[in-house]
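Spelled out from the first residue to the last, the chains are:
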Amino acid sequence: MDSDTNARLKRTAARLRELLGPGGYLDQPADVEPFVVDHRRLYRGATALVALPDSTSQVAELVRLCAAERVPIVPHGGNTSYCGGATPRESGEEILVSLRRMNRVRETDPFNDSITVEAGCILADVQAAADEAGRLFPMSLGSEGSCTIGGNLSTNAGGTAVLRYGMMRDLLLGLEVVLPDGSVLDQLRGLRKDNTGYDVKQLFVGAEGTLGIITAACLRLYPKPGGYTTAVVALDSPRAAVDLLAGLRTALGDSITTFELVPRIALELVCRHIEGASDPFDSPHPWYVLVEVTLPQSDSDLAQRAESALAASIESGRASDAVIAASLAQRSALWQLRESIPEAQTREGASIKHDISIEARRLPDFIDECAPLLTRLVPGARLVAYGHLGDGNLHFNLSGPECANGHAFLERSPEVKRLVHDLVARYRGSFSAEHGIGRLKVDELSRYEDPAALELMRRIKRVIDPLGIMNPGKVLGELQAGDEDGDGPPPR
Ligand code: 2HG
Ligand code: ZN
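Residues numbered from 1 in each chain as written. Chains lettered and ligands numbered in written order. Predicted model: local features only at pLDDT ≥ 70, side-chain atom pairs only at ≥ 80, totals over all residues. Heavy atoms only, no water.

Secondary structure assignment for the protein yields 16 helices and 19 strands. The C-alpha radius of gyration of the protein comes to 23 Å, within 12% of the 23 Å expected for a compact globule of 492 residues. Counting only C-alpha atoms, the protein reaches 70 × 55 × 45 Å along its principal axes. Here the protein has roughly 21100 Å² of accessible surface; of this, 50% comes from carbon and sulfur atoms. The average position of the 52 basic charges and that of the 67 acidic charges among the side chains of the protein differ by 3 Å. (Helix = DSSP H or I, 4+ residues; strand = E, 2+ residues; numbered from the N terminus. Rg over C-alpha atoms; globule rule 2.2 N^0.38 Å. Areas by Shrake-Rupley, 256 points an atom, 1.4 Å probe, with all protein chains shown as cover. Lys, Arg positive; Asp, Glu negative; His and termini not counted. Charge placed at Lys NZ, Arg CZ, Asp CG, Glu CD.)

Put into structure tokens, the structure is as follows:
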């Protein structure tokens with residue numbers, strides 16, 4: 001860090017301590033430590049100070065102070081990013097802003113079916129607040145006990161109920177954002193219809209903190225379910241899974257909320273590594289899906305129709321077998337088989353992760369084409385392709401060969417990623433369906449994104465954040481003065 005940068009950083013940190021007061025910041029190495037290492041331990045950054053503002057006006061003032069000294073800011077939620085999006089860089093020049101003290105539910109409105117919450121609210125707490133009001137907030141993720149609404153919005157989180165309710169973007173009604181100059185974008189209202197020009201609030205969804213700091217949001221609620229029909233269905237192939245989905249949708253419409261693909265190897269890893277997990281079937285099957293149908297309070301026949309539809313799929317040969325949960329405990333046990341796959345894969349050893357999406361009906365062809373190429377590239381590597389088949393989104397992960405050296409396997413990561421992502425591009429799919437770009441996938445974005453879209457993104461970034469202080473280096477990478485059309489942020 002040069003002496004000028006150091007001086008500006010020190011001045012800013014001193015002003016922030018004054019602004020935020022005791023309890024409003026962390027600056028001791030041991031306190032800062034959990035904020036500078038990402039969830040997957042891919043990155044270790046550094047920061048002089050973690051700011052803990054407790055109001056939108058404090059965030060605004062904080063941003064103004066940083067902008068005046070051109071000190072970069074990294075917004076931070078529950079630290080569950082898969083791509084290092086909330087981790088400061090190694091230089092220590094950035095101030096980290098955690099919204100964890102801004103965790104109030106501002107309003108629950110059952111009439112409007114909406115809830116207004118601050119960005120630091122933990123997702124599970126928002127689900128609980130909605131439930132208390134007799135409603136459902138449907139976003140559902142493995143990390144829901146620690147991820148925050150600000151992070152969910154900033155990464156446009158997906159999860160296991162997208163099929164029915166959409167991604168975080170679809171659950172958004174209104175937004176409050178502190179912009180990079182410290183002004184506040186106030187679109188915090190619960191309107192269902194608003195056609196007044198560009199929908200600027202949506203720009204901040206999926207921007208991963210590179211355009212501003214989301215401080216509060218108004219989110220959609222849904223009727224509370226009357227119950228669930230939850231089943232694990234055994235199948236011969238991903239093609240059979242896609243056919244099953246088509247059949248179930250015809251029979252049950254959009255009451256299918258979850259349709260998750262699980263290969264045999266994932267079930268084996270879960271049974272091997274996760275306490276209490278067991279195979280629900282007597283004999284092994286090559287593939288499974290976890291299906292959940294959400295039953296409305298008003299339609300008592302739907303459970304029966306769901307069970308008949310599953311039975312019909314077995315009779316017609318589309319599926320081989322099915323286990324339907326008969327109690328809440330069984331429902332949790334079936335969910336555990338799916339939700340603990342990431343943990344089981346981590347315990348198994350080194351893995352290379354992909355988060356791809358392709359139109360769902362083409363996924364089986366993709367798997368058939370990609371799997372043998374991967375086996376040829378890394379003999380012995382084990383494909384653990386699982387996830388949100390109903391959305392066309394798979395975690396196309398690779399575990400190292402059994403007993404292999406983890407480091408040697410991970411060194412193959414660039415070639416493996418290239419193979420998978422090149423093929424995804426040929427299928428006109430996405431190399432990042434729900435985990436975002438962060439720092440990890442910056443090069444992939446510039447390689448695979450449509451050049452016109454990429455150029456628009458760069459221009460938008462320059463217009464909204466001309467000083468380049470918001471989460472620099474993430475999503476679009478470094479935007480230097482002289483980039484492309486030469487109007488990047490001025491040199492510091
Ligand atoms: C999931 O769907 C998460 O379980 C994690 O998105 C995926 O660990 C992964 O690769
Ligand atoms: Zn996922």
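With that settled, the discussion passes to the sheet that holds strand β1 (residues 25-26). In spatial order, the strands read β1-β2-β4-β3; together these 4 strands make up an open sheet with mixed pairing. At either margin of the open sheet sits one strand with a lone partner, and together these are β1 and β3 (73-76). In terms of strand pairing, β1 meets strand β2 (residues 50-51) through 2 bridges, oriented antiparallel. When the bridges of β2 are listed, Leu26 appears paired with Val50. (Pairing = 2+ DSSP bridges.)

Here we have 5 strands laid out as an open sheet, ordered β5-β6-β10-β8-β9, and antiparallel in their pairing. Two strands bound the open sheet, and with one partner strand each, they are β5 (105-109) and β9 (184-187). Each strand axis lies, on average, 10° off the axis of its neighbour in the sheet, ignoring direction. Bridge analysis of strand β6 (residues 114-118) against strand β10 (residues 213-220) gives 5 bridges, and the strand direction is antiparallel. When the sheet's bridge partners are listed, Ser114 is paired in β10 with Arg220. Lying on the sheet, helix α3 (residues 56-69) is in contact with β5, β8 (172-178), β9 and β10; it crosses β8 at an angle near 45°. (Axes fitted to C-alpha atoms, helices over the stretch in contact; angles between N-to-C directions. Contact = heavy atoms within 4.5 Å.)

Turning our attention to the environment of Gln127. Residue position: Gln127 is located in helix α4 (residues 123-132). Note: C-alpha distance between Gln127 and Ser55 (72 residues apart in sequence) is 22 Å. Those residues within four positions of Gln127 in sequence are excluded, and the remaining contacts are Phe137, Met139, Ser140 and Glu144.

The next point concerns unusual backbone geometry. We note that Arg41 has phi near 60°; this positive angle belongs to a residue other than glycine. One can find Arg41 in the loop between α2 (29-36) and β2.

Moving on to the pairing of strand β19 (residues 393-399). Counting buried residues in β19 gives 7 out of 7 residues, a clear majority hidden from the surface. Going residue by residue along β19, you find Asn393, His395, Asn397 and Ser399 tucked away on one face and Leu394, Phe396 and Leu398 tucked away on the opposite face as well. Note that strand β16 (residues 351-352) and β19 share 2 bridges and pair antiparallel. Within β19, the residue paired with Ser351 across the bridge is Ser399. Bridging between strand β17 (residues 356-357) and β19 involves 2 bridges; their strand directions are antiparallel. Its bridge partner lying in β19, Ser357 is registered against Asn393. Sheet topology note: the strand β18 (residues 382-388)/β19 ladder contains 7 bridges and is antiparallel. Within the sheet, the bridge partner assigned to Ala385 lies in β19 and is Phe396. Taken together, β18 and the strand that follows it, β19, pair antiparallel across an intervening segment of 4 residues, in which Gly392 is found at a positive phi of about 75°. (Buried < 20%, exposed > 50% of the residue type's maximum accessible area, 1.4 Å probe, protein only.)

Looking now at the confidence of the model for the protein. Averaged over all residues, the pLDDT of the protein is 95; the fraction at 70 or higher stands at 97%. Throughout residues 484-492 the model reports pLDDT below 50, and contacts reaching past four residues in sequence, or to other chains, amount to 26 contacts. (pLDDT = per-residue confidence, 0-100.)

Attention now moves to empty space enclosed by the protein. Throughout the structure, instances matching the rule amount to 2 cavities of 30 Å³ or more. Volume-wise, the largest cavity comes out at about 50 Å³. Lining the largest cavity, in full, are Val232, Val262, Leu267, Tyr288, Leu290, Leu334, Leu337 and Arg338. Put simply, the parts of the chain that give the lining of the largest cavity at least two residues each are β14 (287-295) and α10 (328-339). Looking at the lining of the largest cavity, the element that brings in the most residues is α10, giving 3 residues. (1 Å grid on protein atoms, 1.4 Å probe; cavity = no way out; pocket = protein on both sides within 12 Å on 5 of 7 lines; lining within 4 Å. Points joined across faces, edges and corners; volume = space filled by probe spheres on them.)

This part covers the nonpolar core. Counting 57 residues, the largest nonpolar core has Phe137, Ile149, Leu153 and Leu219 as the members making the most contacts within it. Of all the secondary-structure elements, those providing two or more residues to this core are α1 (3-20), α3, β4 (95-98), β6, α4, α5 (149-154), β8 and β10. Here the element with the most residues in this core is α3; it accounts for 7 residues. Other than its neighbours up to four places away in sequence, Leu153 contacts Met168, Leu172, Leu175, Phe204, Val205, Gly206, Ile214 and Ala217. Formed by 45 residues, the second largest nonpolar core is a distinct cluster that contains Val233, Ile352, Leu363 and Val420. (Core = buried A, V, L, I, M, F, W, Y, C linked by side-chain atoms within 4.5 Å.)

Further remarks concern the site of ligand 1. Around ligand 1 lies a shell formed by Tyr82, Arg338, Pro342, Lys353, Tyr386, His388, His395, Asn397, Glu434 and His435. Between ligand 1 and Tyr386, the relevant distance is 3.3 Å, taken from an oxygen atom to a side-chain nitrogen or oxygen of the residue. In this structure, an oxygen atom belonging to ligand 1 sits 3.1 Å away from a side-chain N or O atom of His388. The fraction of the free accessible surface of ligand 1 (290 Å²) that becomes covered by protein chains is 86%. Those elements giving two or more residues to the shell around ligand 1 turn out to be β18 and β19. Across the shell around ligand 1, the residue classes break down as 3 nonpolar, 4 polar and 3 charged. (Near = heavy atom within 4 Å. Polar contact = N/O pair within 3.5 Å; in protein donor to acceptor, adjacent residues only side chain to side chain. Nonpolar A, V, L, I, M, F, W, Y, C, P; charged D, E, K, R; others polar.)

Here we come to the coordination of the zinc ion (ligand 2). Looking at the zinc ion (ligand 2), the protein donor atoms are His388 (NE2), His395 (NE2) and Glu434 (OE), and they sit 1.9 to 2.2 Å from it. Along the chain, the residues donating to the zinc ion (ligand 2) fall in the pattern H-x6-H-x38-E. Of the two residues, His395 is situated in strand β19 and Glu434 in the loop between α14 (413-426) and α15 (442-448); the sequence distance between them amounts to 39 residues. The class of His395 is buried, set by a relative accessible area of 5%. (Donors = N, O, S within 2.8 Å, 3.2 Å for Na, K, Ca; no water.)

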